[in-house]
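Below are the chains, spelled out letter by letter.
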Amino acid sequence: MRQTASVRDACMLDLLVLASLAERYAEEVIEMKQHPINMQKLMQGMAATIAVDTGYLKVLTVDGKIVGGFWGCLTSMPWSATPFAQDIIVFVDKAYRGYGKLLISDWLSWAKLMGAKEVALSTASGIDTEKVCKLYERYGFRKIGYSFMKEV
């Protein structure tokens, strides 16, 4: 049976579903354990993103069911006025991970429409890192630098 997948703007009514997906995603996360989900902060942040023109919060639906989300924004470096699109988090339910490509395509279209000069995507969860990096490379992204973390 063919499934119908699409990406649409998130609305306030989607926030509880997105929060539930985020909790399931957090259970899978290998890295970033020092940053547990604070539901109030998560909901406030997503709501604030919906409310601003430079915010990007989308949902991925398959046959009408929300199975993923992409949270990002248009920003700039503290020393530059050049706009770029920065992801905050991308999450897709395990059973629907192949559809995540639709979120990336929509993200790229949105960034171009918003006048971004660059688009940044990251992966810090530890979930299928090599697979995710290869996917990003297929979309033309290049690896820049490294990120390090240390508990104190």
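Rules and cut-offs
- Residues numbered from 1 in each chain as written.
- Predicted model: local features only at pLDDT ≥ 70, side-chain atom pairs only at ≥ 80, totals over all residues.
- Heavy atoms only, no water.
- Helix = DSSP H or I, 4+ residues; strand = E, 2+ residues; numbered from the N terminus.
- Rg over C-alpha atoms; globule rule 2.2 N^0.38 Å.
- Buried < 20%, exposed > 50% of the residue type's maximum accessible area, 1.4 Å probe, protein only.
- Contact = heavy atoms within 4.5 Å.
- Lys, Arg positive; Asp, Glu negative; His and termini not counted.
- Charge placed at Lys NZ, Arg CZ, Asp CG, Glu CD.
- Phe/Tyr/Trp six-rings, centres within 6.5 Å; stacked < 30°, edge-to-face > 60°.
- Salt bridge = Lys/Arg side-chain N within 4 Å of Asp/Glu carboxyl O.
- Pairing = 2+ DSSP bridges.
- Axes fitted to C-alpha atoms, helices over the stretch in contact; angles between N-to-C directions.
- Core = buried A, V, L, I, M, F, W, Y, C linked by side-chain atoms within 4.5 Å.

J.: Sorry, what's going on with the overall build of the protein here?
T.: Assigned secondary structure in the protein consists of four helices and five strands. If you list the helices and strands of the protein from N to C, you get β-α-α-β-β-β-α-β-α. Relative to the 2.2 N^0.38 estimate, which gives 15 Å for 152 residues, the radius of gyration of the protein is 15 Å and therefore close to what a compact globule would have. Oriented by its inertia axes, the alpha-carbon framework of the protein measures out at about 45 × 40 × 35 Å. Looking at the protein as a whole, 31% of its 152 residues are labelled buried. Expressed as a percentage of contacts within the protein between residues at least 6 apart in sequence, the contacts between residues at least 24 apart total 65%. Taking the average place of the 18 positive charges on the side chains of the protein and the average place of its 16 negative ones, the gap between the two points comes to 4 Å.

J.: I'm lost on the packing of aromatic side chains in this one. Help?
T.: Any pair of aromatic rings gets described here by the distance separating the centres and the angle formed by the planes. With the rule as written, the count across this model stands at eight aromatic pairs. Considering the side-chain rings of Tyr96 and Tyr99, the 6.4 Å spacing of their centres and the 40° angle between planes classify their relative orientation as tilted. Residue classification places Tyr96 among the buried residues on the basis of a relative accessible area of 14%. Judged by relative accessible area, which is 23%, Tyr99 ranks as partly exposed. A connected cluster of aromatic rings, assembled from ring pairs, spans Tyr56, Phe70, Trp107 and Trp110.

J.: What should I look at first to understand the pattern of salt bridges in this one?
T.: Proximity of charged atoms lets side chains of opposite charge pair with each other. Scanning all chains against the criterion turns up five salt bridges. Here Asp14 ties to Arg8 by a salt bridge, and the two come within 2.7 Å at their closest N and O atoms. Residue classification places Asp14 among the buried positions, given a relative accessible area of 5%. Looking at Arg8, the relative accessible area reads 34%, which means it is partly exposed. Put simply, Lys58 and Asp106 hold a salt bridge, and the shortest N to O gap is 3.0 Å. You can see Lys58 sitting in strand β2 (residues 55-62) and its partner Asp106 sitting in helix α3 (residues 100-113), a full 48 residues away along the chain. The partly exposed category is assigned to Asp106, whose relative accessible area is 21%.

J.: Before we go on, may I ask you to explain the sheet that holds strand β3 (residues 65-75) in this structure?
T.: Read across the sheet, five strands follow the order β1-β2-β3-β4-β5 without closing on themselves; strand pairing throughout is mixed. The sheet is open, and its two edges are formed by β1 (5-9) and β5 (118-120), each paired on a single side. For this sheet, the mean inter-axis angle between neighbouring strands, taken without regard to orientation, is 25°. Relative to β3, β2 runs antiparallel, the two sharing eight bridges.

J.: Help me understand the nonpolar core in this model?
T.: In a soluble, globular protein the nonpolar side chains are often hidden away together inside. By size, the foremost hydrophobic cluster in this structure holds 19 residues, and its most contacted members are Phe70, Ala85, Trp107, Trp110 and Leu121. Every element with two or more residues in this core is listed here: β2, β3, β4 (84-92), α3 and α4 (129-138).

J.: Is there a simple way to think about the environment of Ala95 in this case?
T.: Secondary-structure assignment places Ala95 in the loop between β4 and α3. By relative accessible area, Ala95 is classed as exposed at 64%. A C-alpha to C-alpha distance of 23 Å links Ala95 and Pro36, two positions 59 residues apart in sequence.

From the geometry alone we can't say anything about function, so treat these as descriptive.
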